[in-house]
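Secondary and tertiary structure notes
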Amino acid sequence: MAASVALLLRRAGFGPTSAELSDAIGRGYSATVSELTTPTARDPGAQSTPLPNLGIDPYNDLPNPTKEQRAAADVKRGADTEALHRWWLDRVTVANRQAVEKLVFFWHGHWATSIRKFGSPQWMLAQHQKIRESADFGAMARKMVTDPALVYWLDGQLNSKDAPNENLGRELLELFMLGIGNYTESDVKAAGRALTGWRVDLGVPQTAIFFRDSHDAAEKTVLGVTSKFTATSLVDFLATQPACPRFIASRLWFRYASAEVPIPPVTQDRMIAAFPFPNLMLKALFTDEAFQATAGHLVKQPIEWFVGALRQLGIRPAGFSSTVLQEMLFGLRSLGQMPFAPPSVGGWPSGAAWLTPATAQVRFALAARLAEMARPPKLTVEGLADTLAVDTWTDRTYAALKGVSEPRRMMTLGLVSPEYLVT
Amino acid sequence: MDIYTRRKFLLASGVAGAGALAVGGGGLLLSELLGTASSTPESSKKLVIVTLYGGNDGLSMVVPYADAAYQSARPGLAYAPEQVLHLDDSYGLNPKLPGLKRLWDSKRLAIVQAVGYPKPDRSHFRSMDIWQTASPDKPIGRGWVGHWLDATNAPVEAAVSFEPVLPPLLAGETRSGACVSMGGLKLPSWVGLNDLEPLGKRALESGLQAQAANAIADLIRADRMVRQASLVTPSEGPDDLPPLPAVGTGGETTLAGQLTNVIHCIEAGVPTRVYSVSLGGFDTHAAERVGQERLFKQLDESLTPFVERLAKTAAGQHTTVLVYSEFGRRVAGNAAEGTDHGAAGPVLVLGPQVAGGLYGQPPSLTDLDDGDLRATTDFRDVIGTLLSSVLEADPARFLNGYPHKQLPLL
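Quantities reported herein were computed from a predicted structural model and do not represent experimental measurements. (Residues numbered from 1 in each chain as written. Chains lettered and ligands numbered in written order. Predicted model: local features only at pLDDT ≥ 70, side-chain atom pairs only at ≥ 80, totals over all residues.)

1. A short note on the overall build of chain A
Counting secondary structure elements, chain A contains 24 helices and four strands. Here the C-alpha radius of gyration of chain A, 22 Å, is about what a compact globule of 423 residues would show, namely 22 Å. Each principal axis of the C-alpha atoms in chain A carries an extent, and together these give about 70 × 60 × 40 Å. Summarising the internal contacts of chain A: among those between residues at least 6 apart in sequence, 72% fall at separations of at least 24. (Helix = DSSP H or I, 4+ residues; strand = E, 2+ residues; numbered from the N terminus. Rg over C-alpha atoms; globule rule 2.2 N^0.38 Å. Contact = placed C-beta atoms within 7 Å.)

Below is the structure:
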């Protein structure tokens, strides 16, 4: 029972503290699942970390900036981007309703948009807000298809009736809504035409702007259905395709259960029945017996590992100096997972891809920095397992930790141990 | 000159006191220091794989400048005949590739034209997966180098990547290459890499946990090997070695930085057979000319001194470089002065052993497959040629049954 609740909390959030875990064990498994997946209760941690107000992008209304204007705008953007990173890392660390934050992070990886292409943290924050405020997947897809950050990331602003650019249309089918194998090349072209006519403005992060003249209003045939598809009617149509809930269920399984073991059909059907509500799809997953069978089959993503460590060591990013924050972000970038900057539209890798000698090296240095900041008290080997919500140590790790008297070194080794990395 | 003479090293100035390296005084065999020497000297042939992520526009790299169809398909993007670096009466290199032109002139650059595979896939991920696994028909879980590592039961140092995340190319089912990132955060004084070593031991645990422990053991081993390689310089060879590529800010994650690590390892006699390095950003849907020229400049300035230096050292003589991307781009430019995802593209093979020149049937710019170039050479013929000539392996075993045609490049 303790181990199954611990697995649930490790998967549903970023990493439970010892107090959170013992509370949840007290309430029991099914009560904990209900609480995690009914995200309506008060969240004092989230309330204490409201979304930052970044103001207007400094490049707005600067079509031909001078060298000086450009330099000043870059400084402001750098500061705004740092504020966004600091806020988000702090929010996910202190939020009490961890499952809400973890699901937002999941969707960020799903609609994988990188700030590196356009540089505007205002756009990134606006996209983040849309993900957060969407009641269900259909509503989210409708907001995302005209989100300036996503549109620009996939060249949608260049997609016009006279010169179609199919990038956004292709990824909408392949990576966001249906999955590879569920459409043809001609569907890609038709979807691209349905998405024509949207342009973006740095001063309007809320939505892309529709230009009727560059929209292809003619009929298009998508998946055998002919209609005068627009951006909205296209995503609404795609959300009704059987491939869509099947695909979303498999993506949730991939990140919450196992990236190695395929989703069992029975589990998938139970999750599909709860579509388009992601929290209810997760409830179906967490209460399915296949979920507990995936123990030991998921590797923590670097951000999950890092934020879990911050929570368990009691470190708040809000208190980081700019230098320390940049150092931590450099660490995450070196691990291959920079928040708001996935490597490609395919999102971040998974599983054994995080278990390379290269990531082991960076993780070690980052763990040592965290241990130095936390200045942990002297712990027993069992006490360390309790702090880090690790079920048990193997004989190897137990022996490795037993001989260590320096508490910071012991904490560092705990954080990089295979038992802590794999859940 | 036998393999052992070639692997003798002088200590670099200033590191004479550096522990194990001082043992034996003047000349030392690095492989002995590292405990990786074997009684049968392994082959000195090495392969360096350069992946250009994002879909490199081959028509802007190897420009068919004399073809009227090229000029008319790409207004605003096409290069004029006088701008390109002429290879012959039909083709020229991009003006930002003067170093590669020099390698061409010295017959060290082979260009295989219109390389691709049947039924081209225009997804970055799927197409890169196809190239890295050599399996166009169905997805398989291991890269072609990983497959070779599996089959030869290779140690971790047989294949090394200097990228932060291991590319699928080097992942096998039972073996994988090492990922060694040389840049990064400094450790505090109260902890060292040696403290990590006990966590790399075997234990009774799940497969992924065991992989996490292996990664630690491999880190310790590969880190020692590569760090020591960077402390030694070759004892022989001309004094006028071309300088190593400059490492800009961003350290070893730049292509130049990655190739500098590779040359250190090669010259130090590290027994690695395959190196993987990469350069990203080739997804030029808009304003392609500026972006791609910047990338070509980086490629040229990193790759040229690397290949020139290989040619001048004994250790580098048998190293071959492969440069490829997941696909080329559509023949017609789009309205944003960029290009969309396409199909076939050129592959470069460079090195002291390479017979320079153009290979493969040139692509037609008028007989297109849905707007894209048709492949005239299957990419598995290039990979098979390298498997056979550089890795001295039977290509049929690693190409999932594909019967490859050997190209006379090497």
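2. So, the overall build of chain B
Broken down by element type, chain B carries 13 helices and 15 strands. Residue pairs in contact within chain B that sit at least 24 positions apart in sequence constitute 71% of those at least 6 positions apart.

3. Things to note about the sheet that holds strand β6 (residues 92–93) of chain B
All names here are of chain B. Taken together, the three strands give an open sheet; going across it, the order is β4-β6-β5, and neighbouring strands pair in antiparallel fashion. This sheet does not close on itself; its edge strands, each paired only once, are β4 (62–63) and β5 (85–86). Of the strand pairs in this sheet, β5 and β6 are connected by two bridges, and their pairing is antiparallel. Among the inter-strand pairings, Leu85 is bridged to a residue of β6, identified as Leu93. (Pairing = 2+ DSSP bridges.)

4. A word on the interface of chain B and chain A
Tallying the contact residues gives 44 residues for chain B and 53 residues for chain A. When residues of the side of chain B that touches chain A are traced back to their parent elements, those giving at least two are α6 (124–133), β9 (178–179), α8 (193–196) and α9 (207–229) of chain B. With eleven residues, the single largest contributor to the side of chain B that touches chain A is α9 of chain B. Class assignment for the residues of the side of chain B that touches chain A results in 27 nonpolar, nine polar and eight charged. (Nonpolar A, V, L, I, M, F, W, Y, C, P; charged D, E, K, R; others polar.)

5. Some remarks on the packing of helix α11 (residues 167–177) of chain A against helix α12 (residues 185–194) of chain A
All names here are of chain A. The interhelical angle for the contact between α11 and α12, taken along N-to-C directions, is 125°, at an axis separation of 7 Å. Accordingly, the angle class assigned to the pair α11 and α12 is oblique. Relative to α12, the crossing made by α11 is right-handed. Two secondary-structure elements touch here, α11 through Gly169, Arg170, Leu172 and Leu173 and α12 through Asp187, Val188, Ala191 and Gly192. Per-class residue counts for the contact of α11 with α12 are four nonpolar, two polar and two charged. (Axes fitted to C-alpha atoms, helices over the stretch in contact; angles between N-to-C directions. Parallel < 35°, antiparallel > 145°, perpendicular 65-115°, else oblique. Left-handed = near helix turned anticlockwise from the far one by under 90°.)

6. Points about the nonpolar core
Among the nonpolar cores identified, the biggest contains 235 residues, and Met177 and Leu285 of chain A are the most heavily contacted of them. With near-sequence residues (within four places) excluded, Leu285 of chain A lies in contact with Leu252, Trp253, Tyr256, Ala257, Thr267, Met271 and Phe291 of chain A. (Core = buried A, V, L, I, M, F, W, Y, C linked by C-beta atoms within 7 Å. Buried ≥ 20, exposed ≤ 12 C-beta atoms within 10 Å, placed from the backbone.)

7. Quick look at the environment of Thr207 of chain A
Residue and element names in this part refer to chain A. When you line up the elements, Thr207 lands in the loop between β1 (198–199) and β2 (209–210). On the basis of neighbour count, Thr207 is assigned to the partly exposed category, with 16 C-beta atoms found within 10 Å. In sequence terms Thr207 and Glu406 are 199 residues apart; their C-alpha atoms lie 53 Å from each other. Residue contacts for Thr207: discarding those within four places in its chain leaves Thr146 and Pro148.

8. Focus on the pairing of strand β3 (residues 46–52) of chain B
Residues and elements named next belong to chain B. Of all seven residues making up β3, seven are buried, and the element is well covered by its neighbours. Of the two faces of β3, both are covered, the one formed by Lys46, Val48, Val50 and Leu52 as well as the one formed by Leu47, Ile49 and Thr51. Note that β3 and strand β12 (residues 319–325) share seven bridges and pair parallel. Bridge pairing links Val48 to Val321 in β12. Sheet topology places β3 next to strand β11 (residues 274–279); six bridges connect them, and they run parallel. Of the residues in β11, the one forming a bridge with Val50 is Val277.

9. Considerations on the environment of Pro271 of chain B
Position of Pro271 of chain B among the secondary structure elements: in the loop between α10 (255–267) and β11. In this structure, the C-alpha to C-alpha distance between Pro271 of chain B and Pro198 of chain B, residues 73 residues apart in sequence, is 25 Å.

10. With respect to the environment of Thr376 of chain B
Residues and elements named next belong to chain B. Structurally, the position occupied by Thr376 is in the loop between β14 (357–359) and β15 (377–378). With 184 residues separating them along the chain, Thr376 and Gly192 place their C-alpha atoms 53 Å apart. Setting aside anything within four residues of it in sequence, one finds Thr376 in contact with Gln113, Ala114, Gly360, Gln361 and Pro363.

11. A closer look at helix α20 (residues 357–374) of chain A
Residues and elements named next belong to chain A. Taking 1.5 Å per residue, 18 residues should reach 26 Å; α20 reaches 26 Å between its end C-alpha atoms and fits that length. In terms of burial, α20 is largely enclosed, as 14 of its 18 residues are buried. Looking one or two places after α20, you find Arg375, whose phi comes out positive at around 45°. (Expected span 1.5 Å × (residues − 1).)

12. Here's the deal with unusual backbone geometry
That bond from Phe275 of chain A to Pro276 of chain A is cis: its omega, 10°, falls within 30 degrees of zero. With respect to the helices and strands, the residue Pro276 of chain A is situated in the loop between α15 (265–272) and α16 (278–286). If you check the backbone angles, Asn153 of chain B has positive phi at about 50° while not being a glycine.

13. Considering the pairing of β11 of chain B
Residues and elements named next belong to chain B. Of all six residues in β11, five are buried, a share of seventy percent or more. As paired elements, strand β8 (residues 159–161) and β11 share three bridges and run parallel to each other. Across the sheet, the residue bridging to Ala159 is Val274, located in β11.

14. Here we look at α6 of chain B
All names here are of chain B. With seven of ten residues buried, α6 is to be regarded as a mostly interior element. Burial in α6 covers these residues: His124, Ser127, Met128, Ile130, Trp131, Gln132 and Thr133. At its buried positions, α6 is contacted by α7 (144–152), β12 and α12 (379–389). One or two residues past the end of α6 sits Ala134, with phi positive at roughly 55°.

15. Observations regarding the packing of helix α9 (residues 137–144) of chain A against helix α13 (residues 231–239) of chain A
What describes two packed helices is the angle between their axes and the distance between those same axes. All names here are of chain A. Direction vectors running N to C along α9 and α13 enclose 150°, while the axes themselves pass 9 Å from each other. Classified by the angle between their axes, α9 and α13 sit roughly antiparallel to one another. In this structure, α9 meets α13 at a crossing whose hand is right-handed. Two secondary-structure elements touch here, α9 through Phe137, Gly138, Ala141 and Arg142 and α13 through Thr232, Val235, Asp236 and Ala239. Within the contact of α9 with α13, the residues separate by chemical class into four nonpolar, two polar and two charged.

16. What about the confidence of the model for chain B?
The predicted coordinates ought not to be read in detail in places where the model reports low pLDDT. Residues and elements named next belong to chain B. Averaged over chain B, the pLDDT score is 83; the fraction of residues at 70 or greater is 82%. Predicted confidence is poor over residues 1–34, with pLDDT under 50, and the contacts of this stretch with residues over four places away or in other chains come to 61 contacts. Low pLDDT (under 50) marks residues 247–251, which in the prediction has nine contacts with non-local residues, meaning those over four places away or in another chain. (pLDDT = per-residue confidence, 0-100.)

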